[in-house]
Amino acid sequence: MYNISKEKALIMHIDLNSAFATAEQQAHPSLRGKPMGVTNRISKECCVIAASYEAKALGIKVGMRRSEVMAICPKFILVETDPPKYNDVYRKLIKIMKSYSPKIKMKSIDEGLLDFHGLEPILKGQSLTEIGYEIKQRVRDEIGDYMRINVGIGSNRFLAKQAAGWHKPDGLDKIDHTNLIDYYKSIKLTDLTGIAKHNQARLNSYGMMTPIDFINADELLLKKQVFKSITGTYWYRRLRGYEIDDYETNLGMVGRQWMVKDPSSKNDYLLPCLSYLCETTGMKLRFRQVEARGVYIGLSFQNGEYWQSRQTYKTPFYTNQEIYQKMLELFNKRPHGTVKFIRVYCYNLVPSGRNQMNLFEDAVKKEWLTKAVDEINEFYGIFTVYSAGSLDGKKIIKQKIPFGGTDYFDLLLKQS
Amino acid sequence: MDPTIKINKRVDIITIFYAKSPEKTLCIPKKMKYKGSEITFTTFGMRHPTARGKRMIHIFDMSDGVNDYRLEFDAEGLTWTLISMIEGSYV
């Protein structure tokens, strides 16, 4: 009736529960069982970037400001992030996952996918549920006894993720054609990954109030009217367990952003920080083996105004110096004001052409210098050699905690 | 709000290196002498390595059952430093 995929559930989704907060509770036993959270830098109006389950139970959410949190729970404990600790947790989690399948994909710092397609012969009759419990135990043994993960097993990426979120924390569930409808009966529309307020309103306007109404909807209705695009067909198939999310996204931009520690309008303070942001952008660019043809800079000011500027160039570039020079040209055109937020990124990315021979001596020297510095940093540790202009910036800006992608963490791991 | 007390002082440590143990607990500090008193660690929190230039630093988060201690072992200089602590009674 529903045309549900009968394919075996061979995708496993692993999700670390409240990753950063749990890692801190693992490291500090006195914080266990208490409402606590993690912030990038403790300040008057800092916000919570990860909250423990005890805090979540009180209604404290990620993104809440310190004052809001303290109003809910005056005893709330806030600690600063510790990126090397999370690096280590991430590295160990990847190591565990890789020992089960060569086909793993980290979706973010705290969640990843294992694809078991084609691996049935080497599983020797072991079910994915058994493997899931084994991974849970290994996480406790190899990372820490307080670490908890959710494991979800499904016939496609979407259902595996849904299964991982079914019984939080520390759950293990499997969703396939045998229990798919029962599962949809037990949840709300907004429990579906990708259906937030906007999409919920869209579905509601066509009389779809529950996931069961959603799966009952006709493919053409979803495609032509509800989503008015191919997205409707994707949803039709995704909900039924067919794989449509197995694709690689193109890299569109590489950059960094930073909430200025002490908002300022002075170049003496801002330029070293800008230089440091450009250095990390350059590192990321070369790590991804791409070159850029455009730079963008965006600034938020203390008075609430936002200013941005961009410039596209004919020739691609990749060195820290080039990025900084180009950013500086734009930065110097900024209106006067106290800067509280800086966003820099490079766009129009093209595959690196650094392996091509170059006729011009200057270009060759530039390439050798960058390569030498990168090799030294790779061998002796990140930021062993960097430009003098970034010296003060490095002292002020903390290492970034990536949420969306894991590329920067991979870069740090490679260099550590 | 932040219960961490920064200390940053060299300390005397008694360490055990196990011949057979899971990777995370191959080496663990057992006792520490700090401000004249002897602290025995009863709970292992976490250990993670980090690089400072070419120096390898191992960070140990330990607890004596009441307070949490963050210790750094410099594998090149062979020094132990008590970086910070969290007083259990505070939290």
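Along each chain, residue indices are assigned from 1 in the same order as the chain's sequence is written. The order in which chains are written sets their letters, starting at A; the order in which ligands are written sets their numbers, starting at 1. Thresholds applied to this predicted model are a pLDDT of at least 70 for local features of residues and 80 or more for the giving and counting of side-chain atom pairs; totals over whole chains, interfaces and linings are not thresholded and use all residues.

Peer 1: Describe the overall build of chain A, and please don't skip the residues or the numbers.
Peer 2: Under the DSSP-based scheme used, a helix requires at least four consecutive residues in state H or I and a strand at least two consecutive residues in state E, with every element numbered from the N terminus. Counting its secondary structure elements, chain A contains 17 helices and 13 strands. Here the globule rule reads 2.2 Å times residues to the power 0.38, and the radius of gyration is calculated from C-alpha atoms. Scaling as 2.2 N^0.38, a compact globule of 416 residues should have a C-alpha radius of gyration of about 22 Å, and chain A matches this with 24 Å. Counting only C-alpha atoms, chain A reaches 65 × 55 × 50 Å along its principal axes. The contact criterion used is a C-beta to C-beta distance within 7 Å, with each C-beta placed from the backbone. Considering only contacts in chain A between residues 6 or more positions apart, those separated by 24 or more positions represent 64%.

Peer 1: Please set out the overall build of chain B residue by residue, giving values where relevant.
Peer 2: Secondary structure assignment for chain B yields zero helices and eight strands. In sequence order, chain B lays out its α and β elements as β-β-β-β-β-β-β-β. Viewed in the frame of its principal axes, chain B has a C-alpha envelope of about 35 × 30 × 25 Å. Any residue surrounded by 20 or more other C-beta atoms within 10 Å of its C-beta is treated as buried, while 12 or fewer makes it exposed and the intermediate range makes it partly exposed; C-beta atoms here are placed from the backbone. Looking at chain B residue by residue over its 91 residues, the buried ones come to 25%.

Peer 1: Pulling in residues and values, what's your account of unusual backbone geometry?
Peer 2: The omega torsion across Lys168 of chain A and Pro169 of chain A is -10°, close enough to zero to call that bond cis. Mapped onto the elements of the fold, Pro169 of chain A is located in the loop between helix H7 (157–164) and strand E8 (172–175). Residues other than glycine seldom take positive phi values, yet Asp170 of chain A does so here, at roughly 65°. Inspection of the secondary structure assignment puts Asp170 of chain A in the loop between H7 and E8. One non-glycine residue with positive phi stands out, namely Leu78 of chain B, at about 55°. Looking at the element boundaries, Leu78 of chain B is found in the loop between strand E7 (68–74) and strand E8 (79–86).

Peer 1: Talk me through helix H12 (residues 231–239) of chain A; I want residue IDs and the actual numbers.
Peer 2: Residues and elements named next belong to chain A. Within H12, the full set of buried residues consists of Gly232, Trp235, Tyr236, Arg238 and Leu239. Residues of H12 that are buried in the fold lie against H7, helix H10 (211–216) and helix H11 (219–226). Gly241 lies just past H12 and shows a positive phi near 95°.

Peer 1: How would you explain the sheet that holds strand E3 (residues 50–51) of chain A if you had to name every residue and give the values?
Peer 2: Residues and elements named next belong to chain A. The sheet built from three strands is open, its strands ordered E3-E2-E4 with mixed pairing. Pairing within the sheet leaves two strands with one partner each, and these edge strands are E3 and strand E4 (77–80). Under this scheme, a helix contributes an axis fitted over its contacting stretch, all axes are lines through C-alpha atoms, and angles between N-to-C directions fall in the 0 to 180 degree range. Running at roughly 115° to strand E2 (residues 36–39), helix H1 (residues 19–27) makes contact with E2, E3 and E4 of the sheet. Any two strands with at least two DSSP bridges between them are considered paired.

Peer 1: Quick rundown of the sheet that holds strand E5 (residues 104–108) of chain A? Include the residues and the values.
Peer 2: Residues and elements named next belong to chain A. Read from one edge to the other, the open sheet built from five strands follows the order E5-E6-E1-E7-E8, with strand pairing classed as mixed. This sheet does not close on itself; its edge strands, each paired only once, are E5 and E8. Taking each pair of neighbouring strands and ignoring which way they run, the sheet shows an average axis angle of 20°. As judged from the four bridges shared by strand E7 (residues 149–154) and E8, these two strands associate in the parallel manner. Residue pairing in the sheet places Val151 in a bridge with Leu172 of E8. The sheet contacts of helix H6 (residues 128–142) involve strand E1 (11–16), E7 and E8, and relative to E7 the element is tilted by about 165°.

Peer 1: Go over the environment of Phe44 of chain B, please, and point to the residues and values.
Peer 2: All names here are of chain B. Its place among the elements puts Phe44 in strand E5 (residues 43–52). The partly exposed category is assigned to Phe44, around which 19 C-beta atoms lie within 10 Å. It is 5.0 Å that separates the C-alpha atoms of Phe44 and Met62, two residues lying 18 residues apart in sequence. With near-sequence residues (within four places) excluded, Phe44 lies in contact with Thr25, Ile28 and Met62.

Peer 1: I'd like a description of the nonpolar core, backed by residues and values.
Peer 2: All names here are of chain A. Of all hydrophobic cores here, the largest spans 51 residues; its most connected members are Met12, Val151 and Ala160. When neighbours within four sequence positions are excluded, Met12 is seen to be in contact with Leu113, Leu114, Phe116, Leu128, Gly132, Val151, Ile153 and Ala160. Working definition: the nonpolar core is a set of buried Ala, Val, Leu, Ile, Met, Phe, Trp, Tyr and Cys residues, joined through C-beta atoms within 7 Å. Counting residues in hydrophobic clusters, the runner-up holds 22 residues, among them Ala292, Met327, Val339 and Ile397.

Peer 1: Could you give an account of the interface of chain A and chain B, with specific residues and numbers?
Peer 2: In this assembly, 21 residues from chain A lie in contact with 24 residues from chain B. Elements represented by at least two residues in the side of chain A that touches chain B include exactly H1, E4, helix H4 (83–98) and H6 of chain A. In terms of residue class, the side of chain A that touches chain B is built from nine nonpolar, seven polar and five charged. Residue classes follow a fixed rule: Ala, Val, Leu, Ile, Met, Phe, Trp, Tyr, Cys and Pro count as nonpolar, while Asp, Glu, Lys and Arg count as charged, and any other residue, Gly among them, counts as polar.

Peer 1: Please provide a residue-by-residue account of the pairing of E2 of chain A, values included.
Peer 2: Residue and element names in this part refer to chain A. In E2, alternate side chains face the same way, and those of Met36 and Val38 on one face and Gly37 and Thr39 on the other are all buried. In the sheet, E2 pairs with E4 via four bridges, with the strands oriented parallel. Bridge pairing links Gly37 to Leu78 in E4. Pairing between E2 and E3: two bridges, direction antiparallel.

Peer 1: Lay out the packing of H1 of chain A against H4 of chain A in plain terms, naming residues and giving numbers.
Peer 2: All names here are of chain A. Packing of H1 against H4 brings their axes to within 10 Å, and their N-to-C directions diverge by 100°. Comparing their axes, H4 and H1 come out roughly perpendicular. On H4, the residues touching Phe20, Ala23 and Ala27 of H1 are Lys85, Tyr86 and Val89. Here the residues of the contact of H1 with H4 sort into five nonpolar, no polar and one charged. When describing relative orientation, an angle under 35 degrees is termed roughly parallel and one over 145 degrees roughly antiparallel, while 65 to 115 degrees is termed roughly perpendicular and anything else oblique.

Peer 1: Explain the confidence of the model for chain B residue by residue, including any values.
Peer 2: Residue and element names in this part refer to chain B. What pLDDT conveys is the predictor's confidence in a given residue, as a value from 0 to 100. Per-residue pLDDT for chain B has a mean of 90; in total, 97% of the residues score no lower than 70. Averaged pLDDT values for the elements of chain B fall to 90 in E5 and rise to 96 in E7. Across the interfaces of the predicted complex, the ipTM metric reaches 0.89, alongside a pTM of 0.79.

Peer 1: For the environment of Phe158 of chain A, give the residues involved together with the corresponding values.
Peer 2: Residue and element names in this part refer to chain A. By secondary structure assignment, the location of Phe158 is in helix H7. A sequence separation of 145 residues divides Phe158 from Asn303, and the C-alpha atoms of the two residues are 42 Å apart. Residue contacts for Phe158: discarding those within four places in its chain leaves Thr193, Arg238 and Asp245.

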